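Structural characterization, general
Residue-level listing of the chains:
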Amino acid sequence: MKTDIEIAQEAKMEYIAKVAETLGITEDDLELYGKYKAKLSDELMERVKDNPDGKLVLVTAINPTPAGEGKTTTSIGLAQAMGRLGRKAVLALREPSLGPCFGIKGGAAGGGYAQVVPMEDLNLHFTGDFHAITSANNLLAAMLDNHIQQGNTLGIDPRQVVWKRCLDMNDRVLRNVVVGLGSKMDGMVREDHFVITVATEIMAVLCLAADMDDLKRRLGRMIVAYTFDGKPVTADELQATGAMAALLKDALKPNLIQTLEHTPAIVHGGPFANIAHGCNSVRATRMAMKLGDIAITEAGFGADLGAEKFFDIKCRMAGLKPDAVVLVATVRALKYNGGVPKAELVHENLDALKKGIVNLEKHIENLQKYGVPVIVTLNSFVTDTDAEIKYVEDFCLERGCDFALSQVWEKGGEGGIALANKVLDVLENKKSDFKVLYEDELSLKDKIETIAKEIYGADGVTYSNAAVKELKRITDLGMGDFPVCMAKTQYSLSDDQSKLGRPEHFTVNVREVYVNAGAGFVVAVTGAIMTMPGLPKMPAANNIDVDSNGVITGLF
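With respect to the pairing of strand β14 (residues 255-259)
- Among the five residues of β14, five are classified as buried, and the element is accordingly described as predominantly covered.
- In this sheet, β14 lies alongside strand β2 (residues 38-40) in antiparallel orientation, the contact comprising two bridges. Note on β14: the bridge partner recorded for Lys39 is Asn255.
- Direction of pairing for strand β6 (residues 114-117) relative to β14: antiparallel, over a ladder of two bridges. When the bridges of β14 are listed, Val117 appears paired with Gln258.
- Relative to strand β15 (residues 264-267), β14 runs antiparallel, the two being bridged by four bridges. Note that in β15 the partner of Ile257 across the bridge is Ala265.
- In textbook terms, the turn of a hairpin is the stretch between consecutive antiparallel strands, and for β14 and β15 this stretch comprises four residues, one of which, His262, has a positive phi near 70°.

In structure tokens, the structure reads:
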């Protein structure tokens, strides 16, 4: 079998202007980045804003395992299948982060015959959006330290600087650093920190902003530090908003590429779901809904993270109402949750499947709490047996879910026809009664505990002393009505990645809390989650290369 990158490199891409034509987009609406990538203009957004909305379908998954689930692959294959059925489907996906591409994950453009292309460009620098976000973030950091150095008229307490620098790379040694070493002219010595670009507030702000005016309002109210008497200091007070917005001018525009079968794909923004809100930009999703009859989007990692944040943060803020949810699982991943080692997943094991399917069961229950119809799809592997597939199908049907088998990795759009037909049937015959999990008026503690108990299945929540103090400060500052973004391991429903299946009788520990005042949510950090990942012992970068003809190998 060919590798994903070999399949992508052998694909014959259409010029992006031709792909855009299928959506009624002219070249005047495109800002071209070569032959196969383009940004969609602000003028296009204005022109289509009164178009009727297409149906909105979210693709999510069970908790990820080393066995693989294929959420992005399923999203892409489903869109390709819709095209084969004559439906005008548009994808809305996130951009991959460089860090994981060179770390443990590899590329993030789908797989097999369900990919978006140009795959190498997307996984590397793409159109420069992440570089712009990194630059804007670090410009604000530089202006903050410069203000302290040049007289500190705002009275910033260097011990209460909360704005962190960033880099779009996995680099653990930058988590905790000391800056300002050297002479007096080199700045004030203080402890500082780095986060990965996709965990920054600017990434969240860009993905939630409706337009440039909204972007600037959100940038301006971001809190960077506190004064000696405890008052927040914002980017507006540092006079940094305009310069950051100038750096983000082009990054705010959604990107258009294509699938292997030339289905339009709007790829924009890329916050992680374990440490951020895990969804592509609101602008990209709205554009997909205005341009297509069906908009297919995904949320990162498992439904306990990405889908919860899609519903409770993105949909709440943007006024979106999803029409259906596709929940992706694999027989292999369910058996892994049932205690089977990765090397033994090729063998039929109904006992382990029955034990591990409780993970799927909890995600079904969670999604049904939001009032949206659920379709479970099994991403097919050749080692799956008829008995295993039948067991999962019956399990889902007994719980009020529709079910379809997906073979998009192997067959592309053709392998997604059964899933696409099932989704169309649900869209036409079942009504979504979408509602968020909690109301704005709940206290921040109550919101955290609602998510922990209702979505994770926890008995309760414990808090560090620092987290309790910060929750009080945020509430006193008038931001207690914000939604909560939980930073939690993706590998378990609990905050302990070793607890597979459906953990019971556990508590979630919130060790840190901070407010993203510009994005408009409060982040609660649980367990051992890190906002700056590290590289594994054998990083994917070891196998990535480029030959004399510029052909990249080893990316995935």
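The discussion continues.
A look at unusual backbone geometry
- Looking along the chain, the bond that leaves Val117 and enters Pro118 is cis, with omega of 5°.
- With respect to the helices and strands, Pro118 occurs in the loop between β6 and α6 (119-123).
- Notably, Gln239 is not glycine yet its phi reads approximately 60°, a positive angle.
- Its location among the elements puts Gln239 in the loop between β13 (232-234) and α10 (241-247).
- Located in the positive-phi region is His262, a residue other than glycine, with phi close to 70°.
- Within the element layout of this structure, His262 appears in the loop between β14 and β15.
- His262 sits in the partly exposed class, given a relative accessible area of 29%.

Quick look at the sheet that holds strand β20 (residues 460-463)
- Spatially, β20-β22-β23-β21 is the arrangement adopted by the four strands of the open sheet, whose pairing is mixed. Across the chains shown, the open sheet's two edge strands, defined by having one partner strand only, are β20 and β21 (484-487). Shown here is a sheet whose adjacent strand axes are inclined to one another by a mean of 40°, direction ignored.
- Strand direction decides the pairing type here: β21 and strand β23 (residues 521-526), joined by four bridges, are parallel. Along β23, the bridge assignment pairs Cys485 with Val523.
- Along the sheet face, helix α12 (residues 303-318) touches β21 and β23 and points at about 160° away from the line of β21.

Examining α12
- End to end, α12 covers just 19 Å across 16 residues, shorter than the expected 22 Å (1.5 Å per residue, more than 12% under).
- Within α12, the axis deviates most sharply at Phe310, by approximately 35°.
- Counted residue by residue, α12 has 15 buried out of 16 residues, so it is predominantly covered.
- Downstream of α12 by one or two residues, Gly319 has phi in the positive range, about 70°.

Regarding the nonpolar core
- Core analysis: the biggest nonpolar cluster contains 141 residues, and Phe311 and Leu360 have the highest contact counts within it.
- When near neighbours in sequence (up to four residues on either side) are disregarded, Leu360 contacts Ile62, Leu327, Ala329, Leu334, Val376, Val392 and Cys396.
- Judged by nonpolar contacts, the second largest core, of 41 residues, contains Ala89, Ala404, Ala420 and Val426.

Section: the sheet that holds strand β12 (residues 223-227)
- Here we have three strands laid out as an open sheet, ordered β7-β12-β13, and antiparallel in their pairing. Both edges of this open sheet fall to β7 (156-161) and β13, since each of them pairs with a single strand only. Looking at each pair of strands side by side, their axes are set apart by 50° on average, direction ignored.
- Helix α7 (residues 129-149) rests against β7 and β12 of the sheet, and its axis sits at about 135° to β7.

As for helix α18 (residues 417-429)
- With 13 residues, α18 should cover 18 Å at 1.5 Å per step; its first-to-last C-alpha distance of 18 Å lies within 8% of that length.
- Restricting attention to buried positions, one finds in α18 the residues Leu419, Ala420, Val423, Leu424, Val426 and Leu427. What you see down the axis of α18 is that its buried residues fit within an arc of 160°, all on one side. Facing away from the buried side of α18 by more than 90 degrees, the exposed set consists of Glu428 and Asn429.
- For α18, the elements touching its buried residues are β3 (55-61), α4 (71-84), β16 (294-298), β17 (324-329), β18 (374-379) and β19 (402-406).

Each value, and the rule that gives it
- Residues numbered from 1 in each chain as written.
- Predicted model: local features only at pLDDT ≥ 70, side-chain atom pairs only at ≥ 80, totals over all residues.
- Heavy atoms only, no water.
- Buried < 20%, exposed > 50% of the residue type's maximum accessible area, 1.4 Å probe, protein only.
- Helix = DSSP H or I, 4+ residues; strand = E, 2+ residues; numbered from the N terminus.
- Pairing = 2+ DSSP bridges.
- Axes fitted to C-alpha atoms, helices over the stretch in contact; angles between N-to-C directions.
- Contact = heavy atoms within 4.5 Å.
- Expected span 1.5 Å × (residues − 1).
- Bend = angle between axes of the 7 residues up to and from the residue.
- Core = buried A, V, L, I, M, F, W, Y, C linked by side-chain atoms within 4.5 Å.
- Arc of directions from axis to C-beta.

Structural measurements only, silent on function.
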